[in-house]
Amino acid sequence: MTRSDLVEELAARFAQLTHRDAEYAVKTILDAMSDALVRGHRIEIRGFGSFSVTRRPPRIGRNPRSGESVQIPEKRVPHFKPGKALREAVDAKTAELDAKGRKA
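Residues numbered from 1 in each chain as written. Predicted model: local features only at pLDDT ≥ 70, side-chain atom pairs only at ≥ 80, totals over all residues. Heavy atoms only, no water.

### Some remarks on the domain arrangement of the protein chain
Considered domain by domain, the protein chain is made up of domain 1 (1–38) and domain 2 (40–103). Look at where the C-alpha atoms of domain 1 and domain 2 centre, and you get two points 23 Å apart. Between domain 1 and domain 2, the residue contacts involve four residues of the former and eight residues of the latter. Counting each side, the surface lost to burial between domain 1 and domain 2 is near 500 Å², with a carbon and sulfur contribution of 76%. (Domains from an automatic or database assignment. Contact = heavy atoms within 4.5 Å. Buried area = accessible area lost by both parts, 1.4 Å probe.)

So, in structure tokens, the structure goes:
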């Protein structure tokens, strides 16, 4: 699902929202989440999951072309951990599709 798919779904579910209002709502929520992660905060949405920022320590990597060692600096990256309800819903849907002989 893309951002525009999310806007379309929101506008379809709530008839009182115009497409522009739905787009503004999605943008506002995603911007607020991004800003919170940039500030180092953790975001928890019950039943869905949590977003946090994790630290990747510096390490030695390899240049795939030349094979020489390259120093890779420390990074801070966003991390998503799904909640129990989301994990169970995905697992149930995957099991249902597997039972029908289809790929998930």
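### Structural notes on the nonpolar core
If you look at the biggest cluster of nonpolar residues, it comprises five residues: M33, A36, L37, I43 and F51. Not counting residues up to four positions away in its chain, the partners in contact with I43 are M33, A36, L37, G49, S50 and F51. (Core = buried A, V, L, I, M, F, W, Y, C linked by side-chain atoms within 4.5 Å. Buried < 20%, exposed > 50% of the residue type's maximum accessible area, 1.4 Å probe, protein only.)

### Examining the sheet that holds strand β2 (residues 49–56)
Read from one edge of the open sheet, three strands run β1-β2-β5, paired in antiparallel fashion. Single-partner strands in this sheet number two, and they are β1 (43–45) and β5 (75–82). Along the sheet, successive strands turn relative to each other by an average axial angle of 25°, direction set aside. The pairing of β1 with β2 spans three bridges and is antiparallel. The partner of E44 across the bridge, within β2, is S50. (Pairing = 2+ DSSP bridges. Helix = DSSP H or I, 4+ residues; strand = E, 2+ residues; numbered from the N terminus. Axes fitted to C-alpha atoms, helices over the stretch in contact; angles between N-to-C directions.)

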